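Coordinate inspection notes
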Amino acid sequence: MSAHDGLDNDCIFCKIIRCEIPSFKIFEDDSVFSFMDINPVAPGHSLVIPKFHTPNIFEAPDIWAAATVNGIQRLARAVKETLNPDGINILQANGPGAAQSVFHLHMHVVPRWADDDVKMNWGISPGDMDAIGKLAKQISKNVN
Ligand code: AMP
Ligand code: ZN
């Protein structure tokens, strides 16, 4: 970690923030940087990252998590205005089990069209209400 600016010299997204490697920038402000994903799952697939190196949602300081959400709202509105998709999914992965591949907090904007074949829809089927209620109690005990 670099002491003076909160960025990590070895992180690919920190290098993008510093313009040490190229990106298709969409916007930036004091807190966030937004750019196109170069392996897009759909046209307009784009990212927002905080200008602070933190690996995931668990470790992110509140202020950086909030800045990232504000940034994704700005990006989603701009993508909607530009492409007019049928919908937009906002995604954010934490850990390899969730297919996180870059360990600098980031949120995805994924534009969706009714006939696309993006595999992200799990459909709606009712769960076991006893099990759901039990988990709600267990999780609520761990909210700090
Ligand atoms: P995730 O799987 O949630 O960690 O997402 C990381 C995303 O970063 C992937 O969708 C990659 O395509 C994208 N990505 C990785 N390197 C770059 C890069 N240099 N420029 C733009 N997008 C990148
Ligand atoms: Zn980083």
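The structure displayed is predicted, hence computed values, not measured ones.

This brings us to the pattern of salt bridges. Counting across every chain of the model gives 5 salt bridges. Its salt-bridge partner being Glu28, residue Lys25 comes within 2.7 Å of it at the nearest N-O pair. Looking at Glu28, the relative accessible area reads 33%, which means it is partly exposed.

For helix H2 (residues 62-83), spanning 22 residues, the distance from its first C-alpha to its last is 31 Å, which sits close to the expected 32 Å at 1.5 Å a residue. Residues of H2 that are buried sit in contact with strand S1 (25-28), strand S2 (32-36), strand S3 (46-50), strand S4 (87-91) and strand S5 (107-112). With its phi angle positive at about 45 degrees, Asn84 sits one or two positions after the end of H2.

Judged by how many residues are buried, S5 sits mostly within the fold: 6 of 6 residues are covered. Side chains Met107, Val109 and Pro111 of S5 all project onto a buried face; the interleaved residues His108, Val110 and Arg112 project onto the opposite face, where all are buried too. Pairing analysis gives 3 bridges linking S3 to S5, with the strands arranged antiparallel. The residue bridging Val48 from the neighbouring strand is Met107, located in S5. Examined bridge by bridge, S4 and S5 share 5 bridges and lie antiparallel to one another.

Summed over all chains, the structure comprises 3 aromatic pairs. With a centroid separation of 5.3 Å and an interplanar angle of 80 degrees, the aromatic rings of Phe13 and Phe35 are classed as edge-to-face. On the criterion of sequence distance, the pair formed by Phe13 in helix H1 (residues 12-17) and Phe35 in strand S2 is long-range, its members being 22 residues apart. Of the two residues examined, Phe13 and Phe35, each falls in the buried class.

Before going further, it helps to spend a moment on the site of ligand 1. Around ligand 1 lies a shell of 16 residues, among which Asp37, Asn39, Ala99, Ser101 and His108 are the nearest. Separating an oxygen atom of ligand 1 from a side-chain N or O atom of Asp37 is a distance of 2.5 Å. At 2.8 Å from an oxygen atom of ligand 1 is found a side-chain nitrogen or oxygen belonging to His108. In isolation ligand 1 offers 500 Å² of accessible surface; the protein chains occlude 85% of this area. Elements that contribute at least two residues to the shell around ligand 1 include exactly H1 and S2. Among the elements that line the shell around ligand 1, the one with the most residues is H1, at 3 residues. Residue classes in the shell around ligand 1 are distributed as 10 nonpolar, 5 polar and 1 charged.

Turning to the pairing of S1, a few remarks are in order. In this structure, S1 lies alongside S2, joined through 3 bridges in antiparallel fashion. When the bridges of S2 are listed, Lys25 appears paired with Phe35.

This part is about the coordination of the zinc ion (ligand 2). The coordination sphere of the zinc ion (ligand 2) contains the protein donors Cys11 (SG), Cys14 (SG), His53 (ND1) and His104 (ND1), at a distance range of 2.0 to 2.3 Å. Of note is the zinc ion (ligand 2), whose 4 donor atoms meet at the metal with angles of 105 to 115 degrees in an arrangement that counts as tetrahedral. Donor residues binding the zinc ion (ligand 2) come from one chain and are separated in sequence as C-x2-C-x38-H-x50-H. One exposure class covers both Cys11 and Cys14, and it is buried.

Calculation criteria
Residues numbered from 1 in each chain as written. Chains lettered and ligands numbered in written order. Predicted model: local features only at pLDDT ≥ 70, side-chain atom pairs only at ≥ 80, totals over all residues. Heavy atoms only, no water. Salt bridge = Lys/Arg side-chain N within 4 Å of Asp/Glu carboxyl O. Buried < 20%, exposed > 50% of the residue type's maximum accessible area, 1.4 Å probe, protein only. Helix = DSSP H or I, 4+ residues; strand = E, 2+ residues; numbered from the N terminus. Expected span 1.5 Å × (residues − 1). Contact = heavy atoms within 4.5 Å. Pairing = 2+ DSSP bridges. Phe/Tyr/Trp six-rings, centres within 6.5 Å; stacked < 30°, edge-to-face > 60°. Near = heavy atom within 4 Å. Polar contact = N/O pair within 3.5 Å; in protein donor to acceptor, adjacent residues only side chain to side chain. Areas by Shrake-Rupley, 256 points an atom, 1.4 Å probe, with all protein chains shown as cover. Nonpolar A, V, L, I, M, F, W, Y, C, P; charged D, E, K, R; others polar. Donors = N, O, S within 2.8 Å, 3.2 Å for Na, K, Ca; no water. Tetrahedral: all angles 85-135°; square planar, octahedral: opposite > 155°, others 65-115°.

By themselves, these are just geometric observations and shouldn't be taken as functional.
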